[in-house]
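# Observations on the three-dimensional arrangement
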Amino acid sequence: MLKRKIEQKLIDWKNTENRKPLIIKGCRQCGKTFSVLDFAKKNYKHVVYLNFFENPDYASIFAGSLEVNTIVMMMSALLGNRAVFESGNTVLILDEIQDCPEARTALKFFRIDGRYDVIGTGSLLGVKGYGKEPKSVPVGSETVIDMYPLDFEEFLWANGITEPVIEILKKCLQKEIPVPEALHSRMKQLLLQYVVVGGMPDAVQTFIDTKQIDRVLQIQRDIVRSYEDDMVKYAEKKDKSQIKECFQSIPKQLSKENKKFQYSVVKKGSTASKYAGCLQWIEDAGIIIRCYNLSITELPLDGNAKENVFKVYMRDCGLFVSMLEDGTQYDILRGNLNSYKGAIFENLIADIFGKMGRKLYYFHKDSGLEIDFVIRYKGQCTLVEVKASTGNAKSVRTLLRHPEKYHVSHAIKLGDYHIGRTGQLLTLPLYMAFLLREL
């Protein structure tokens, strides 16, 4: 069984006094249901489970009164001995809660009642055009946690890398000393595997069990197709084809030298007015993440972001690679890292930063100056340059030479390197990106 970070978050939630109902949001097939059910079975005497996607009839339970005793009575009548409600010992799981808006509204009443814990999961919560909006979103009556596919650290756990080994990496970063060669080599290998496999649980488990990349790729492409099916099934009629076109343009967007998202690449002559809502739909579904251009490299980053100038990355790098031509996986695993103009490894770092909850920013000027990512790290505005293998960081050095203009004095270069420092520039192996958590 794959170890997930959500497990600790669920335990922390259960240990909170006067806890509110919990909502777990995340893209389809990222492991929400499995993790919640596993947690529930380990921590509660009774588990009552409703899946509104698989059983739309369950919505009828919430069609009338939302008073808790009425809902409990209806569930007991419908589910029989599968619905045992005992104060303090029962958890109610409402899976794919976006398919029953009244159930989301009912969370407010469960919160007031307080006898039973409630966990809802949702894949398309907040997606515009879904067509099923709750009459009243229970603001203040629920706790929301975002869940993502496995991040790189979870992938390391799945591949037998233990906490003591990760502690060695942390100490090397802290002291800015090279990682021992055998571990350095193993981490480089695992990173390339993560680029190809990504973090969708089914893909990771299949890779762990079989090491067969063709089977992993089939799973990934099935997931991508299921996303496209959702776009056709759930989006408003006028947007269906446009959302799909937006989604399918992502590899083309990132193959450009200037990777800024351009609506004209989706379809020649197109504008934001036609496609902006479509892109928002995909983002709300948890499939992509935007990286905003900054007007100036200065904290607070969010306050300096240009709302209409951004790149778009897939939230999961494995799914991104699966959208590319056949043979790309083989090239990456073989160490052929220069294909696709660095887009693959930029998407890798977007994946790693995004899954740790960071908002993404970059810096680009028409003069040609470009920094792949700009982050808040250890309280400082920090430039991050990504190299698929090695290479100089000309733009980084330019910005560091002019602190009076760009207001930065710290930079990190990620690539095929050992840990090292030259003045204000810290050089790190690509796999170290997952340790850059400190704000």
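See above for the structure.
Scope of this entry: the structure provided in the associated data block. Numbering of residues starts from 1 in each chain and follows the order in which that chain's sequence is written. Whole-chain, interface and lining totals are the exception, using all residues; otherwise, since this is a predicted model, local features are given only for residues with pLDDT of at least 70 and side-chain atom pairs are given and counted only at 80 or more. Water and hydrogen atoms were dropped before computing side-chain values, which therefore reflect all heavy atoms in the structure.

### Some thoughts on the nonpolar core
Residues belong to one nonpolar core when they are buried, are Ala, Val, Leu, Ile, Met, Phe, Trp, Tyr or Cys, and are joined through side-chain atoms within 4.5 Å. Buried residues are those whose accessible area, probed at 1.4 Å on protein chains only, stays under 20% of the maximum for their type, while exposed residues exceed 50% and partly exposed ones sit between those limits. In terms of nonpolar packing, the biggest core is built from 110 residues, with Phe-152, Trp-281, Ile-349, Phe-353, Phe-373 and Met-432 touching the most fellow members. A run of DSSP states H or I qualifies as a helix once it reaches four residues; a run of E qualifies as a strand once it reaches two. Both are numbered from the N-terminal end. Top element by residues in this core is helix H7 (residues 181–197). It accounts for 9 residues. In terms of nonpolar packing, the next biggest core, distinct from the first, is built from 26 residues, Phe-52, Ile-61, Ala-83 and Ala-106 among them.

### What to know about the environment of Glu-167
Along the chain, the position of Glu-167 falls in helix H6 (residues 163–175). Residues Glu-167 and Leu-190 lie 23 residues apart in sequence; the distance between their C-alpha atoms is 17 Å.

### Some points on the state of the cysteines
Cysteine sulfur atoms that come within 2.5 Å of each other are treated as a disulfide pair. The full count for this structure, using the stated rule, is 0 disulfides. For the unlinked cysteine Cys-246, the closest cysteine sulfur is that of Cys-278, found at 5.5 Å. We classify Cys-246 as buried; its relative accessible area is 0%. For Cys-278, a relative accessible area of 1% corresponds to the buried category.

### Looking at unusual backbone geometry
A cis amide bond links Leu-299 to the next residue, Pro-300, at an omega of -5 degrees. Assignment of secondary structure puts Pro-300 in the loop between strand E6 (288–294) and strand E7 (305–314). Positive phi values are uncommon outside glycine, yet Glu-96 reaches one of about 55 degrees. Overall, the relative accessible area of 10% leaves Glu-96 in the buried class.

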